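Residues per chain are reported as follows:
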Amino acid sequence: MKKLTLLLIASACCSAFTMNALAEEAGDQAIADAVIAMTKAQWTAGMKDPTNIAAQSKDMAEDYTEFNAQFATRLDGKAINDRLAEASGKDSAKGIAAEMTNPKVQVYNGDVAILTYNYVGMTRDKDGKTEANRAKSTRVYVKKDNKWMLVHANFAADPLPKQ
């Protein structure tokens, strides 16, 4: 009888642990889906209207920071990023396609999510010529006041392999 009781207790503990792990995994997947969707929505807003910076940066924290291939230093603050995006939104080249390959989201304590991926996209200039774009990207999201906010990004060149 004691063996049966111990077996039932052990089984219940294992079941509870498994259910908790599955619930956590489902929660992490929901977070991953949310931050990927936010990133894609930003791209869509930029392709729809490159001058609508508010739509493109609506999920950026005020203290957002960024590293990218165009500038040698870290860009600090949403305001500077918005000003630079506004200037580049007047460029004659327009994004016409954006895709995320190899996405991976790491979730920590349910309130930090790190998204890494390869970006592949296409732009078209005023003469109709298209150009491929590639980047290795990292975005860090933090849940603030029950809303996911982009707090940091790093966009690096992803050159074609040498042949």
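All residue numbers refer to positions counted from 1 along the written sequence of the respective chain. In view of the model being predicted, local features appear only for residues whose pLDDT reaches at least 70, and side-chain atom pairs are presented and counted only at 80 or more, with totals across whole chains, interfaces and linings using the full set of residues. Hydrogens and water are ignored here; the side-chain numbers use all heavy atoms of the structure.

Draft legend 1. Here's a closer look at the overall build of the protein chain. Only DSSP runs of H or I reaching four residues or more are called helices, and only runs of E reaching two or more are called strands; each is numbered from the N terminus. When helices and strands are counted, the protein chain shows three helices and six strands. Along the protein chain, from the amino end to the carboxyl end, the secondary structure elements read α-α-β-β-α-β-β-β-β. Only heavy atoms enter the contact rule, under which two residues are in contact if any of them lie within 4.5 Å. Contacts in the protein chain between residues far apart in sequence, at least 24 positions, make up 50% of those at least 6 positions apart. The accessible surface values rely on the Shrake-Rupley method and a 1.4 Å probe; as for residues, cover is taken only from the protein chains in view. Just so you have it, the protein chain exposes about 10900 Å², and 58% of that area is on carbon and sulfur atoms.

Draft legend 2. Just the pattern of salt bridges, in detail. Each reported salt bridge corresponds to a side-chain nitrogen of Lys or Arg within 4 Å of a carboxyl oxygen of Asp or Glu. Overall, the coordinates contain six salt bridges when judged by the stated rule. A salt bridge links Lys78 to Glu62, with the shortest nitrogen-to-oxygen separation between them at 4.0 Å. Residue Lys78 is located in helix α3 (residues 78–89), and its partner Glu62 is located in strand β1 (residues 60–67); the two are separated by 16 residues in the primary sequence. Close ionic contact of Asp76 with Arg74 constitutes a salt bridge, the shortest N to O distance being 2.5 Å. Buried, partly exposed and exposed residues are distinguished by accessible area as a fraction of the type maximum, computed with a 1.4 Å probe on protein chains only: under 20%, between the cut-offs, and over 50%, respectively. Take Arg74: its relative accessible area is 40%, and that puts it in the partly exposed class. Among the charged side chains, a salt-bridge network with shared partners connects Lys58, Asp59 and Lys147.

Draft legend 3. Structural view of the nonpolar core. Buried residues of nine kinds, namely Ala, Val, Leu, Ile, Met, Phe, Trp, Tyr and Cys, make up a nonpolar core once their side-chain atoms join them within 4.5 Å. If you look at the biggest cluster of nonpolar residues, it comprises 19 residues, and the most contacted ones within it are Tyr141 and Trp148. Every element with two or more residues in this core is listed here: α1 (2–48), β1, β3 (94–108), β4 (112–124), β5 (130–144) and β6 (147–157). Counting residues per element, this core draws most heavily on α1, which supplies five residues. Ignoring anything within four residues of it in the chain, the contact list for Trp148 reads Ile31, Val35, Met38, Asp59, Gly110, Asp111, Val112, Ala113, Tyr141, Val142 and Lys143.

Draft legend 4. Examining the pairing of β3 more closely. Each pair of strands is called paired provided DSSP finds at least two bridges between the two strands. Here 12 bridges tie β3 to β4, and the two strands are oriented antiparallel to one another. Paired with Thr101 across the two strands is Asn118, which belongs to β4. Hairpin remark: β3 followed by β4, antiparallel, with three residues in the connecting loop; positive phi at Asn109, about 55 degrees.

Draft legend 5. Spatial organisation of unusual backbone geometry. Although it is not a glycine, Asn102 sits at a positive phi angle of roughly 55 degrees. For Asn102, the position within the fold is in strand β3. Unlike most non-glycine residues, Asp145 shows phi in positive territory, near 50 degrees. Within the element layout of this structure, Asp145 appears in the loop between β5 and β6.

Draft legend 6. Seen up close, the packing of aromatic side chains. For Phe, Tyr and Trp, rings pair up if their centres lie within 6.5 Å, where Trp contributes its six-membered ring, and each pair is then called stacked (planes under 30 degrees apart), edge-to-face (over 60) or tilted (otherwise). Taken as a whole and assessed by the stated rule, the structure comprises two aromatic pairs. With a centroid separation of 5.0 Å and an interplanar angle of 75 degrees, the aromatic rings of Trp43 and Tyr119 are classed as edge-to-face. With Trp43 in helix α1 and Tyr119 in strand β4, the pair connects residues that are 76 residues apart, well separated along the chain. Judged by its relative accessible area of 13%, Trp43 is buried. Aromatic ring contacts, followed pair by pair, group Trp43, Tyr117 and Tyr119 into a single cluster.

Draft legend 7. Region of interest: the confidence of the model for the protein chain. Per-residue pLDDT for the protein chain averages 87, and the proportion of residues at 70 or more is 85%. Averaged pLDDT values over the elements of the protein chain bottom out at 72 in α1 and peak at 98 in strand β2 (residues 75–76). Known as pLDDT, the predictor's per-residue confidence is scaled from 0 to 100.

Draft legend 8. Seen up close, the side chain of Asn68. One can find Asn68 in the loop between β1 and β2. Here Glu66 takes part through its side chain, which lies 2.7 Å from a polar atom of the side chain of Asn68. As used in this structure description, the phrase polar contact means that two N or O atoms lie within 3.5 Å; if the pair is within protein, one of them must be able to donate a hydrogen and the other to accept it, and residues adjacent in sequence are counted only when both atoms belong to side chains. Polar side-chain contacts of Asn68 include one of 3.2 Å to the backbone nitrogen of Phe71. When residues no more than four places from it in sequence are discounted, the contact partners of Asn68 are Leu75 and Phe155.

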